[in-house]
Amino acid sequence: MALVRPRNAVYLPRCVEALSEVHESDDYPHRWPPDPAGWLTPENMAAAWVAEHENCIVGHVVIVDKSGVLWVSRLFVRPGYRGSLVGDSLLRQARIGGASMLDVIERSSKAIELYERTGWTLVDTRPADWIMTDGRRPVERIYRVDPHSNQLTEAVPKRR
C-alpha cells in the first residue's frame, strides 16, 4: 500500500518522472509543459501530496485556491498502480486538506469513474478554456464533493 505524505522540493524530480510516464500512457497533461516541475507547482497552490510505494512516487495531487475555493488539481496515478486505491487515498487527503471542487475533461472516463465512486457529484459541464493540439476545445465536467459522502471516515472505500 502506498503512503501519502506532503510533497516537498525533494520529491519534485521523481514527481516529474511519474508525470512523464502518465503523459506517455494517458496524454495527461495533454500538452507536455516546458517546465514540468513548475506545472506541478502552480502559483495558486495551497498544498500538495505524493503517494509513495517502496521509494517510488506512484501518485500525486495538488489543491489550488480559485477565488477562495479549494480545487483538486494535478492528480495522477502511475499506470501500474491504478486499481490499488492510490487515487482514492490522494482524493481523501485532498478532501482533508479542504478541497471541495474538481474538473476533468469528458474523455477521461477512468478518472470520472474514480471521482463518482469516491463521493464527487457532477454539478456542471462547460467548454474548457484551452484548446487541444488538434484544435478542438474539450468539455470539462465540474464536480463538487458530496458533503454526505463517508469517504473521509472509511478506511477503504466500499467496492460494488
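In this report, we go over the structure that sits alongside the text. Because the structure is a prediction, the values reported are computed rather than measured. (Residues numbered from 1 in each chain as written. Predicted model: local features only at pLDDT ≥ 70, side-chain atom pairs only at ≥ 80, totals over all residues. Heavy atoms only, no water.)

### Quick notes on unusual backbone geometry
Residue Pro29 is reached from Tyr28 by a cis peptide bond, and omega for that bond is -5 degrees. Among the secondary structure elements, Pro29 is positioned in the loop between helix 1 (12-26) and helix 2 (36-39). At Asp27, a position not held by glycine, the phi torsion is positive, near 65 degrees. By secondary structure assignment, the location of Asp27 is in the loop between helix 1 and helix 2. Asp27 sits in the partly exposed class, given a relative accessible area of 26%. The backbone of Leu85 shows a phi angle near 70 degrees, a positive value even though the residue is not glycine. Relative accessible area serves as the criterion here: at 14%, Leu85 is assigned to the buried category. (Helix = DSSP H or I, 4+ residues; strand = E, 2+ residues; numbered from the N terminus. Buried < 20%, exposed > 50% of the residue type's maximum accessible area, 1.4 Å probe, protein only.)

### Focus on the side chain of His30
Within the element layout of this structure, His30 appears in the loop between helix 1 and helix 2. Looking at His30, its side chain comes within polar contact range of the side chain of Asp27, at 2.7 Å. Only 3.4 Å separates the side chain of His30 from the side chain of Arg107, close enough to count as a polar contact. (Polar contact = N/O pair within 3.5 Å; in protein donor to acceptor, adjacent residues only side chain to side chain.)

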